[in-house]
Amino acid sequence: MTNPTLVRWHVGRVIGRRYEADSAVRLELDVPTWPGNDAGSHLDLRLTAPDGYQASRSYSLASSGESTRVVLVVHEVPDGEVSPFLVHQLAEGDEVEIQGPLGRYNIRNPADPDRSPVQLIAGGSGVVPLFSMASAREGVEESADFRLLYSVRTPRDVLFADELGALSRTTVDIVHTRESPPRSVRPPGRLTRDGVAAVSFSASASPRTYICGPTAFVETIVEWLLELGHDPARIRTERFGGSN
Ligand SMILES: Cc1cc2nc3c(=O)[nH]c(=O)nc-3n(C[C@H](O)[C@H](O)[C@H](O)COP(=O)(O)OP(=O)(O)OC[C@H]3O[C@@H](n4cnc5c(N)ncnc54)[C@H](O)[C@@H]3O)c2cc1C
């Protein structure tokens, strides 16, 4: 569905918005000309100020399939140019321009005959495209096992909390870095190499691994996976920028 010939600018109208976490908003856009998109793809969103100044940023699609309803989740980067506006000011009825669907990196074709396990590893808002992949998998009969490892600061920062809990075909492990839920057995703390190894498929299972999040997070996880013996050819990454 992510066909370069279908990529162009579209106008989307905000038809729903709600806070998804402390500093993240879920935006639902109605985009009548949207061609649909694969799970794991993203778009470019462009804002134009009254004086003609434009700014655009990439956002992953939480939605997938043949729908003209597009769902994004935007996490606020303090002092950022675009994300604070999207999180706090963009209102229902407003229009934005979007270009897409984009990205062939994180996409996994459900018809792919490879049935080896799929490991998803997300840092912060990097969970958006990986949630989309896990969510799309719910409706597909296939034997590959999915696991999602999601690193997030506090329970209040968890995106898709209810939907992650409802996934029936993906094992979800959430690791809190700054504050754990009240009855958690794991004290808060950043992931470690051993921590990743404990809740992800081992190299001997030959998983396909998709990692998404802030640049430094992605690079650290890749380094650990290589140390743990994973095949670099089976690791896909998407970097959201920033350093943590
Ligand atoms: C393919 C792709 C998909 C993306 N999908 C999402 C998504 O689904 N949800 C989402 O919230 N964001 C996503 N991003 C990040 C998004 O594109 C913006 O970078 C982010 O919203 C910050 O934009 P800004 O204009 O507010 O900050 P800017 O004004 O661009 O940056 C301000 C400061 O924050 C730093 N910074 C920029 N981005 C980040 C970041 N992600 N984390 C920490 N620091 C940062 C910059 O280095 C700079 O110092 C994605 C990025 C890419 C490349």
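Note that the structure is predicted; figures quoted are calculated from it, not measured.

Trainee: What's the story with the overall build of the protein in this structure? I'm lost.
Mentor: Scanning the protein from N- to C-terminus turns up 5 helices and 11 strands. Its C-alpha atoms give the protein a radius of gyration of 18 Å, near enough to 18 Å, the size a compact globule of 244 residues would have. Expressed as lengths along the three principal axes of its C-alpha atoms, the size of the protein is roughly 55 × 40 × 30 Å. For the protein, buried positions account for 47% of its 244 residues. As displayed, the protein has an accessible area near 11,700 Å², and 49% of this comes from carbon and sulfur atoms.

Trainee: Quick question: what am I supposed to make of the packing of aromatic side chains here?
Mentor: Aromatic rings considered in pairs are described by the distance between their centres and by the relative angle of their planes. Tallying each qualifying case throughout the model produces 1 aromatic pair. Measuring from ring centre to ring centre gives 4.0 Å for Phe131 and Phe160, while their planes differ by 10°; the resulting arrangement is stacked. With a gap of 29 residues between them, Phe131 in helix α2 (residues 127-137) and Phe160 in the loop between β8 (146-152) and α3 (161-166) connect regions that are remote in the sequence. The burial state of Phe131 is the same as that of Phe160; both residues are buried. Over the face of the ring belonging to Trp9 we find Arg46, whose NZ or CZ atom lies 3.9 Å from the ring centre.

Trainee: Would you take a moment to explain the site of the ligand for this structure?
Mentor: In the neighbourhood of the ligand, 21 residues make up the surrounding shell, with Arg57, Ser58, Tyr59, His75 and Ser83 lying closest. A distance of 2.6 Å is found between an oxygen atom of the ligand and a backbone nitrogen or oxygen belonging to Ser58. The contact in question runs from an oxygen atom of the ligand to an N or O atom on the side chain of Ser83, over 2.6 Å. With the chains in place, 73% of the 910 Å² that the ligand exposes on its own is no longer accessible.

Trainee: Looking at this model, I keep getting lost on the domain arrangement of the protein. Mind explaining?
Mentor: It is common to report an interface's size as the accessible area lost on association of the parts. Taken as a whole, the protein is organised into domain 1 (4-102) and domain 2 (118-239). Each partner contributes to the interface: domain 1 provides 15 residues, whereas domain 2 provides 15 residues. For the pair domain 1 and domain 2, the summed buried surface comes to about 1,200 Å²; carbon and sulfur atoms form 54% of the total. Put simply, Asp22 and Arg156 hold a salt bridge, and the shortest N to O gap is 3.4 Å. In this structure, the connection of domain 1 to domain 2 is made through 4 residue pairs in polar contact (both at pLDDT 80 or more). Contributions of two or more residues to the side of domain 1 that touches domain 2 are made by β1 (8-21), β2 (24-30) and β5 (69-75). In the side of domain 1 that touches domain 2, the residues fall into 6 nonpolar, 6 polar and 3 charged.

Trainee: In this structure, what is going on with the nonpolar core? I would like to understand it.
Mentor: Nonpolar side chains tend toward joint burial in soluble globular proteins. Core analysis: the largest hydrophobic core is formed by 26 residues, its most contacted members being Leu120, Leu130, Leu148, Tyr150, Leu159, Phe160 and Leu164. A domain-level breakdown of this core finds at least three residues from each of domain 1 (4-102) and domain 2 (118-239). Those residues in contact with Leu120 that lie beyond four places of it in its chain are Leu130, Met133, Ala134, Phe146, Arg147, Leu148, Leu149 and Tyr210. Within the second largest apolar cluster, 21 residues are counted, among which are Leu61, Val70, Leu90 and Ile98.

Trainee: How should the pairing of strand β10 (residues 208-213) be read in this particular structure?
Mentor: Remember that side chains alternate between the two faces of the sheet whenever the strand is regular. Taken across its 6 residues, β10 has 6 buried, putting it largely inside the fold. Every second residue of β10 is oriented toward a common face, with Arg208, Tyr210 and Cys212 on one face and Thr209, Ile211 and Gly213 on the other, all of them buried. Across 5 bridges, strand β7 (residues 118-123) lies against β10 in parallel orientation. Residue pairing for β10: Leu120 is matched across the bridge by Tyr210. With 5 bridges connecting them, β10 and strand β11 (residues 235-239) associate as parallel partners. In the sheet register, Gly213 faces β11, and the bridge partner there is Arg239. Considered for its hand, the β-α-β crossover made up of β10, helix α5 (residues 215-227) and β11 is right-handed.

Rules used in this analysis
- Residues numbered from 1 in each chain as written.
- Predicted model: local features only at pLDDT ≥ 70, side-chain atom pairs only at ≥ 80, totals over all residues.
- Heavy atoms only, no water.
- Helix = DSSP H or I, 4+ residues; strand = E, 2+ residues; numbered from the N terminus.
- Rg over C-alpha atoms; globule rule 2.2 N^0.38 Å.
- Buried < 20%, exposed > 50% of the residue type's maximum accessible area, 1.4 Å probe, protein only.
- Areas by Shrake-Rupley, 256 points an atom, 1.4 Å probe, with all protein chains shown as cover.
- Phe/Tyr/Trp six-rings, centres within 6.5 Å; stacked < 30°, edge-to-face > 60°.
- Lys NZ or Arg CZ within 6 Å of the ring centre and 35° of its normal.
- Near = heavy atom within 4 Å.
- Polar contact = N/O pair within 3.5 Å; in protein donor to acceptor, adjacent residues only side chain to side chain.
- Domains from an automatic or database assignment.
- Contact = heavy atoms within 4.5 Å.
- Buried area = accessible area lost by both parts, 1.4 Å probe.
- Salt bridge = Lys/Arg side-chain N within 4 Å of Asp/Glu carboxyl O.
- Nonpolar A, V, L, I, M, F, W, Y, C, P; charged D, E, K, R; others polar.
- Core = buried A, V, L, I, M, F, W, Y, C linked by side-chain atoms within 4.5 Å.
- Pairing = 2+ DSSP bridges.
- Right-handed = clockwise from strand over helix to strand, strands pointing away.

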